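Fold and contact review
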Amino acid sequence: MFKKILIANRGEIALRIIRTCKEMGIKTVAVYSTADKDSLHVKFADEAVCIGKPQSSESYLNIPHLMAAAEITNADAIHPGYGFLAENARFAEICGEHGIKFIGPTAEMIRKMGDKMTAKETMIAAGVPVIPGSEGLLKDVAEARMLANKMGYPVIMKATAGGGGKGMRVVWEEAELENAYTMAKSESRAAFNNDGIYMEKFVEEPRHIEIQVAGDQYGKVCHLSERDCSIQRRHQKLVEESPSPFMTPELREKMGAAAIAAASAINYESVGTVEFLVDKHRNFYFMEMNTRIQVEHCVTEEVINFDLIKEQIKIAAGIPISGKNYTPQMHAIECRINAEDPYNDFRPSPGRITTLHIPGGHGVRVDSHIYAGYVIPPFYDSMVAKIIAVAQTREEAINTMERALSEFVIEGVKTTIPFHQQLMRDENFRKGNFTTKFIETFKLQ
């Protein structure tokens, strides 16, 4: 087992990893930018190293600074968390070149799933259902028009190197196609330095349901059931839950088998997530694979009583997995609490937290790095906490979440707590009647 792990991340996920390392008897190294010097992950790690200025490019994305921090502290492994360099194949390679274990899949696995067209081709070969679309990248707008007419509108343009909704355009009719094609290429080039675009049939009334998987170095792969991530705003997840209210035992079995096939196709090792779009008829289609821990991993942990970070570390250390598939034994819902003003188009609200009260009680878990007096910096993602409610049934979990949100006090900055409170009371949400388009018609009171 590893003696010391450097966490190449910040905030709540860094603190989350530190906690599991402590329970496993592993020493930890926190890294931080000058803007994060007072963050809790810095305070609770065994060692901490400043790696640069607030801008991510000069700190959390600065590979030479991270490797120097690992070497001066004699870390024998690096955990990337999520975001930043978690799915950077070159970073995984560099770790190996320096004799430091990257806690995640190999660079080859990351590359195979990082490029969406390559991933789609791999899934087709593995027999995993995919959305009908172009066989490769679009050559020009004429080819896009021909394919769209063949598949039928609506269609969606996607950046091959995309993520977070960047380089993505839905086209409802032919008159919109040329402008959407140009805009998608331009946005993709700006965001990823890659303007490759492909096209798919747009799935109407979709659910976003993902399957948690784990694979070891010995070819064994299992799934740990599903999470429903359909409550989104501009392709960014706001609420996640398990089990999905749309799921049936038969669909879970089929999607679990497909997720295992997807991971097995690249001999996947580590924990990861296979994401699917599911239409109203419960047909499901591969969307992408995230080769890292997810923000919403806590939901799965709560419904199957399983530490996914511990499993990730054990796999990296060469310990085989059990190979057992899991099904939810409880119901859990997670709300992402962002420092944003939901009454002002979710505008970011950085600043000093003057008052903080974290909710508690039976069935409530809060993962956060904030405290009273903490200053939320403007340089990073606006998420400041995740609150997870768990109970025997979905109705009970919603009631627990509603109660916990009423206790959650964050003053000094605006947060999305009021949004989540209203969502928990919404009749359609409580009935499980929602798709990825739900928030587009949700009116905040």
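Residues numbered from 1 in each chain as written. Predicted model: local features only at pLDDT ≥ 70, side-chain atom pairs only at ≥ 80, totals over all residues. Heavy atoms only, no water.

1. A short note on the overall build of the protein
The number of helices and strands found in the protein is 14 helices and 22 strands. Dimensions along the principal axes, computed over C-alpha positions, put the protein at roughly 60 × 50 × 40 Å. Counting across all 445 residues of the protein, residues that qualify as buried make up 58%. Taking the intrachain contacts of the protein between residues at least 6 apart in sequence as the baseline, contacts between residues at least 24 apart amount to 66%. Entry remark: accessible area of the protein is about 18100 Å², with carbon and sulfur atoms responsible for 48%. Computed over 52 positive and 58 negative side-chain charges, the inter-centroid distance for the protein is 2 Å. (Helix = DSSP H or I, 4+ residues; strand = E, 2+ residues; numbered from the N terminus. Buried < 20%, exposed > 50% of the residue type's maximum accessible area, 1.4 Å probe, protein only. Contact = heavy atoms within 4.5 Å. Areas by Shrake-Rupley, 256 points an atom, 1.4 Å probe, with all protein chains shown as cover. Lys, Arg positive; Asp, Glu negative; His and termini not counted. Charge placed at Lys NZ, Arg CZ, Asp CG, Glu CD.)

2. Quick word on the packing of helix α1 (residues 11-23) against helix α11 (residues 308-316)
With their axes 9 Å apart at the nearest point, α1 and α11 run at an angle of 70 degrees to one another. Looking at the two axes, α1 sits roughly perpendicular to α11. Here the hand of the crossing between α1 and α11 comes out right-handed. Contact residues: R16, I17, T20 and C21 in α1; L308, I309, K310 and I313 in α11. (Axes fitted to C-alpha atoms, helices over the stretch in contact; angles between N-to-C directions. Parallel < 35°, antiparallel > 145°, perpendicular 65-115°, else oblique. Left-handed = near helix turned anticlockwise from the far one by under 90°.)

3. Remarks on helix α13 (residues 417-425)
The set of residues buried in α13 consists of I417, F419, H420, Q422, L423 and M424. Close packing links the buried residues of α13 with β10 (221-233), β11 (236-242), β14 (331-338), α12 (394-407), β22 (409-411) and α14 (427-431).

4. Quick word on the sheet that holds strand β19 (residues 364-368)
Spatial strand order, β13-β12-β9-β10-β11-β14-β21-β19: eight strands in an open sheet with antiparallel pairing. Edge positions in the sheet fall to β13 (284-290) and β19, since each of these pairs with one other strand and no more. Mean inter-strand twist for the sheet, computed between neighbouring axes without regard to direction, equals 25 degrees. Inspection of the sheet shows strand β9 (residues 207-215) paired to β10 by six bridges, in the antiparallel sense. Counterpart to A214 in the pairing with β10 is C222. Together, β19 and β21 (383-391) form the strand contacts of α1, whose direction differs from that of β19 by roughly 110 degrees. (Pairing = 2+ DSSP bridges.)

5. Quick notes on the sheet that holds strand β6 (residues 155-159)
The three strands are arranged β7-β6-β8 in an open sheet whose pairing can be described as antiparallel. The strands lining the two open edges of the sheet, one partner per strand, are β7 (169-171) and β8 (197-201). Between one strand axis and the next, the sheet turns through 25 degrees on average, direction left out of account. Note that β6 and β7 share three bridges and pair antiparallel. Bridging across to β7, M157 finds its partner in R169. Contacts from helix α8 (residues 177-192) reach β6, β7 and β8 within the one sheet, and its direction differs from that of β7 by about 170 degrees.

6. Digging into the pattern of salt bridges
In the structure shown here, the tally under the stated rule is 40 salt bridges. E296 is the salt-bridge partner of R336, the closest N and O atoms lying 2.9 Å from each other. With R336 in strand β14 and E296 in the loop between β13 and α10 (297-304), the pair connects residues that are 40 residues apart, well separated along the chain. One salt bridge in this structure joins E427 and K431, with 2.9 Å as the shortest N-O distance. Of this pair, E427 and K431 are both found in helix α14, four residues apart, which corresponds to roughly one turn of the helix. Like E427, the residue K431 is exposed in the burial classification. (Salt bridge = Lys/Arg side-chain N within 4 Å of Asp/Glu carboxyl O.)

7. Comments concerning unusual backbone geometry
The step from Y153 to P154 runs through a cis peptide bond, and the omega angle for that step is 5 degrees. Checked against the element boundaries, P154 lands in the loop between α7 (141-151) and β6. In this structure, P243 follows S242 across a cis peptide bond, with omega equal to -5 degrees. Relative to the assigned elements, P243 resides in the loop between β11 and α9 (249-264). At N267, a residue that is not glycine, the phi angle is positive and equals roughly 50 degrees. Mapping N267 onto the fold places it in the loop between α9 and β12 (270-278). Unusually for a residue other than glycine, S270 sits at a positive phi of about 115 degrees. Counting through the fold element by element, S270 comes out in strand β12.

Limitation: the analysis is restricted to geometry and does not speak to function.
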